[in-house]
Amino acid sequence: MSEIVESTQMLRTAARAADDKLGTDQVALDVSATLYITDAFLIISAENDRQIGSIVDAVEEAVQTTYGRTPLRREGRGSGDWVLLDFGDIVVHVFSPEQREYYALERLWKDCPVIDLELPEHSGADDAR
């Protein structure tokens, strides 16, 4: 049980870091009952490749600083419109809107429970930073 709690906390840390970099439409799915290789997916949208890079860097830094964990695997960094960070317990996907629609992970995993990320009620894009 404590392993799932830590996964959820790590997920929320990653989500807050992405929110700080104006990542939008964040969704977390509990895939632990379906996949045995990870507990949860965090799906984030970003408007362009620069923002995707900024979000990925912030998520990596937050998880490293808080949990001492670095990604076991990283995919898509050079493509600019999708990056996957595999931390073992959680997998973070940062997509351009077009790639998010194309891959449709929420639709593929629609039977999995959604995890409350406990983010502020504002959308990152609405913040006047």
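Everything numeric here is computed off the predicted structure, so don't read it as measured data.

Parameters at a glance
Residues numbered from 1 in each chain as written. Predicted model: local features only at pLDDT ≥ 70, side-chain atom pairs only at ≥ 80, totals over all residues. Heavy atoms only, no water. Pairing = 2+ DSSP bridges. Helix = DSSP H or I, 4+ residues; strand = E, 2+ residues; numbered from the N terminus. Axes fitted to C-alpha atoms, helices over the stretch in contact; angles between N-to-C directions. Core = buried A, V, L, I, M, F, W, Y, C linked by side-chain atoms within 4.5 Å. Buried < 20%, exposed > 50% of the residue type's maximum accessible area, 1.4 Å probe, protein only. pLDDT = per-residue confidence, 0-100. Contact = heavy atoms within 4.5 Å.

Undergrad: Describe in detail the sheet that holds strand 5 (residues 90-95), supporting the description with residues and values.
TA: Taken in spatial order, the 5 strands make up an open sheet running 1-2-5-4-3, and their pairing is mixed. The open sheet has two edge strands, strand 1 (24-30) and strand 3 (73-75), and neither has a second partner. Strand-to-strand, the axes of this sheet are offset by a mean angle of 10°, without reference to chain direction. As defined by bridge partners, strand 1 adjoins strand 2 (residues 40-45) across 5 bridges and the pair is classed as antiparallel. Directly across from Ala28, in strand 2, lies its bridge partner Leu42.

Undergrad: How would you sum up the nonpolar core? Please name residues and give values.
TA: Grouped together as the largest cluster of nonpolar side chains are 26 residues, with contacts concentrated most on Leu11, Leu42, Val59, Phe87, Ile90, Val92 and Val94. Elements with a contribution of two residues or more to this core: helix 1 (2-20), strand 2, helix 2 (49-67), strand 4 (82-86) and strand 5. No other element matches helix 2, which puts 7 residues into this core. In this structure, Ile43, Phe95, Leu105 and Cys112 belong to the second largest nonpolar core, which totals 11 residues.

Undergrad: Describe the confidence of the model for the protein, listing the residues and the values that go with them.
TA: Here the protein shows a mean pLDDT of 90. Residues at 70 or above account for 88%. Scored below 50 in pLDDT, residues 123-129 shows 9 contacts in the model against residues more than four places distant or in partner chains.

Undergrad: Lay out unusual backbone geometry in plain terms, naming residues and giving numbers.
TA: The backbone of Asp25 shows a phi angle near 50°, a positive value even though the residue is not glycine. Within the secondary structure layout, Asp25 lies in strand 1. Look at Asp25 and you get exposed, because its relative accessible area is 56%. We note that Glu118 has phi near 55°; this positive angle belongs to a residue other than glycine. Mapped onto the secondary structure, Glu118 falls in the segment after helix 4 (105-108).

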